[in-house]
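One-letter residues, chain by chain:
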Amino acid sequence: MAAVEVKNISKIYDGNTKVVDNVNFEIKDKEFVVLVGPSGCGKSTTLRMIAGLEEITEGEIYIAGELINNIAPSKRDIAMVFQNYALYPHMTVFENMAFGLKIKKTSKADIIERVHEAANILEIEQLLNRKPKALSGGQKQRVALGRAIVRKPKVFLFDEPLSNLDAKLRGQMRIEISKLHKKLGVTMIYVTHDQTEAMTMGDKIVVMKDGVVQQIDEPIKLYKNPKNKFVAGFIGSPTMNFFTGKLNVENNGFRFTCANNEFTIFIPNNRAETVNINNTDSLTIGVRPEDIIINSSDSASIKANVDLIETLGSESLYHLNIAGQKFIVKSTVHLDKNITNDVKVSFNSKNIHLFINESAI
């Protein structure tokens with residue numbers, strides 16, 4: 001079993017700067033968990049504390065039930081894949097992959113077997129005699145993965161491993177790492193600032209901001225039920241649209257009025273019934289771009305000005321505004337990119353998110 005338990009860990013640097021603040025989460029054996037958040041949120045520092053590369057200021061970390069706070073990194077039975085590959089330029093691919101095993105004084109026969117086994121899994125057997133300078137970025141990343149695989153660790157740690165690759169290669173490597181996880185059946189912890197990577201790869205996602213965990217959940221639950229405005233805005237591409245205003249009671253629901261009084265949205269009781277009307281003096285609603293209907297024939301539709309249209313092939317992004325209130329619509333409806341007249345939009349009220357003081361309600 002290689003479950004990981006992080007209990008109340010914090011990291012404080014000189015000058016009393018707290019970059020990780022009382023972080024808690026559990027990772028089940030064979031689970032793929034992603035730590036995600038903007039740059040500087042503490043996700044990499046958290047990973048490095050698990051790896052033993054950063055000292056833990058407060059709290060405890062357990063791997064397979066064993067407290068590892070005071071165990072040296074080399075004794076933790078983990079393997080880490082870095083952003084910059086960290087390959088030895090004077091060594092061949094085989095030698096790079098075998099290096100950690102040689103340090104452990106693994107037998108030559110076992111080293112050969114493990115390296116070829118990993119190379120076969122990663123489809124890089126034809127590269128074993130090459131040196132890193134003769135490899136592409138994607139090939140170097142596979143070698144870095146192979147070096148981790150040969151060690152057969154309890155836990156794999158990934159620190160933004162795809163950030164140096166181009167968009168197409170990142171997409172390919174996302175798939176390869178996900179397939180690798182299923183094939184090896186091991187515990188993996190993956191750090192990224194890219195929410196697309198988090199959503200497509202993780203069994204569970206830990207969202208962080210300013211060193212604090214904001215929400216831990218399965219990808220689809222994060223998307224559909226964000227606990228606060230930060231998570232709602234961070235998860236999803238394009239980002240969620242936010243409108244600030246007030247709620248007023250109406251028959252069978254509430255009427256949301258935007259702060260500029262230019263438009264209103266009716267929210268039925270089945271969505272608004274949990275709202276305490278006494279707390280709605282200043283309320284924010286969130287609407288995802290795909291939950292706004294373009295060219296709507298709904299009687300409650302609202303006129304919007306077109307700022308820009310981005311055609312992506314299967315769908316288009318409409319950058320619109322109503323009296324200066326900017327928002328984005330994602331739709332499979334394609335309108336002329338040179339359109340100059342207003343368009344009508346309506347909101348899917350069933351999927352509207354409500355926030356008071358940054359928290360979801």
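A brief report on the enclosed structure follows. This is a predicted model, so every value here is computed, not measured.

**Looking at the overall build of the protein chain**
Helix and strand content of the protein chain: nine helices and 21 strands. Counted over contacts in the protein chain with a minimum sequence separation of 6, partners at least 24 positions apart contribute 64%. As displayed, the protein chain has an accessible area near 17700 Å², and 46% of this comes from carbon and sulfur atoms. Distance between charge centres in the protein chain, computed from 45 positive and 41 negative side chains, equals 5 Å.

**Let's talk about the packing of helix H2 (residues 93-103) against helix H3 (residues 108-122)**
Two elements in contact, H2 and H3, have axes separated by 10 Å at closest approach and are oriented at 130°. Viewed along their axes, H2 and H3 adopt a mutual orientation that is oblique. Crossing angle aside, the handedness with which H2 passes H3 is right-handed. The residues of H3 that touch H2, namely those facing Phe94, Met97, Ala98, Leu101 and Lys102, are Ile111, Ile112, Arg114, Val115, His116, Ala118 and Ala119. Across the contact of H2 with H3, the residue classes break down as nine nonpolar, one polar and two charged.

**Let's talk about the sheet that holds strand E1 (residues 4-13)**
Pairing is antiparallel in the open sheet, where four strands are placed in the order E2-E1-E4-E5. Looking at which strands have only one partner, the edges of the open sheet turn out to be strand E2 (17-27) and strand E5 (66-67). Contacts from helix H1 (residues 43-51) reach E1, E2 and strand E4 (58-63), with the element oriented near 115° to E1.

**Some thoughts on unusual backbone geometry**
The omega torsion of the bond from Ser237 to Pro238 falls at -5°, within 30 degrees of zero and hence cis. For Pro238, the position within the fold is in the loop between helix H8 (229-234) and strand E11 (241-250). With a phi close to 70°, Tyr85 is a non-glycine residue in the positive phi region. Positionally, Tyr85 belongs in the loop between strand E6 (78-81) and H2. Judged by its relative accessible area of 10%, Tyr85 falls in the buried class.

**Structural notes on helix H5 (residues 167-184)**
Three- or four-residue spacings in an α-helix give side chains the same orientation, since the helix completes a turn every 3.6 residues. With 18 residues, H5 ought to run about 26 Å at 1.5 Å a step, and its terminal C-alpha atoms sit 26 Å apart, in line with that. Looking at the buried residues of H5, the elements they touch are strand E3 (32-36), H3, helix H4 (137-149), strand E7 (155-159), strand E8 (187-192) and helix H6 (195-201). Backbone nitrogen of Lys168 and a side-chain oxygen of the N-cap are separated by 3.2 Å at the start of H5; the cap is Asp166. Directly after H5, the chain includes Gly185, whose backbone phi takes a positive value near 60°.

**Focus: the pattern of salt bridges**
A complete count under the given rule lists eleven salt bridges for this structure. A salt bridge links Lys179 to Glu176; the shortest N-O distance between them is 3.8 Å. Taken together, the positions of Lys179 and Glu176, both in helix H5 and three residues apart, correspond to about one turn of that helix. Looking at Lys179, the relative accessible area reads 48%, which means it is partly exposed. Linked through salt bridges whose partners overlap, the residues forming this network are Lys11, Arg48 and Glu54.

**Comments concerning the pairing of strand E20 (residues 353-356)**
Side-chain alternation along E20 places His353 and Phe355 on one buried face and Leu354 and Ile356 on a second face that is also buried. Here strand E14 (residues 283-287) runs beside E20; their pairing, made up of three bridges, is antiparallel. Looking at the pairing, Thr284 lines up with Phe355 of E20. Pairing geometry for E20 and strand E21 (residues 359-360), over two bridges, is antiparallel. If you follow Phe355 over to E21, its bridge partner there is Ala360. Following E20, the chain reverses through two residues before pairing antiparallel with E21; Asn357 in that reversal takes a positive phi of roughly 55°.

The rules behind each value
- Residues numbered from 1 in each chain as written.
- Predicted model: local features only at pLDDT ≥ 70, side-chain atom pairs only at ≥ 80, totals over all residues.
- Heavy atoms only, no water.
- Helix = DSSP H or I, 4+ residues; strand = E, 2+ residues; numbered from the N terminus.
- Contact = heavy atoms within 4.5 Å.
- Areas by Shrake-Rupley, 256 points an atom, 1.4 Å probe, with all protein chains shown as cover.
- Lys, Arg positive; Asp, Glu negative; His and termini not counted.
- Charge placed at Lys NZ, Arg CZ, Asp CG, Glu CD.
- Axes fitted to C-alpha atoms, helices over the stretch in contact; angles between N-to-C directions.
- Parallel < 35°, antiparallel > 145°, perpendicular 65-115°, else oblique.
- Left-handed = near helix turned anticlockwise from the far one by under 90°.
- Nonpolar A, V, L, I, M, F, W, Y, C, P; charged D, E, K, R; others polar.
- Pairing = 2+ DSSP bridges.
- Buried < 20%, exposed > 50% of the residue type's maximum accessible area, 1.4 Å probe, protein only.
- Expected span 1.5 Å × (residues − 1).
- Polar contact = N/O pair within 3.5 Å; in protein donor to acceptor, adjacent residues only side chain to side chain.
- Salt bridge = Lys/Arg side-chain N within 4 Å of Asp/Glu carboxyl O.

Note that all results are geometric; they support no functional claim without further evidence.
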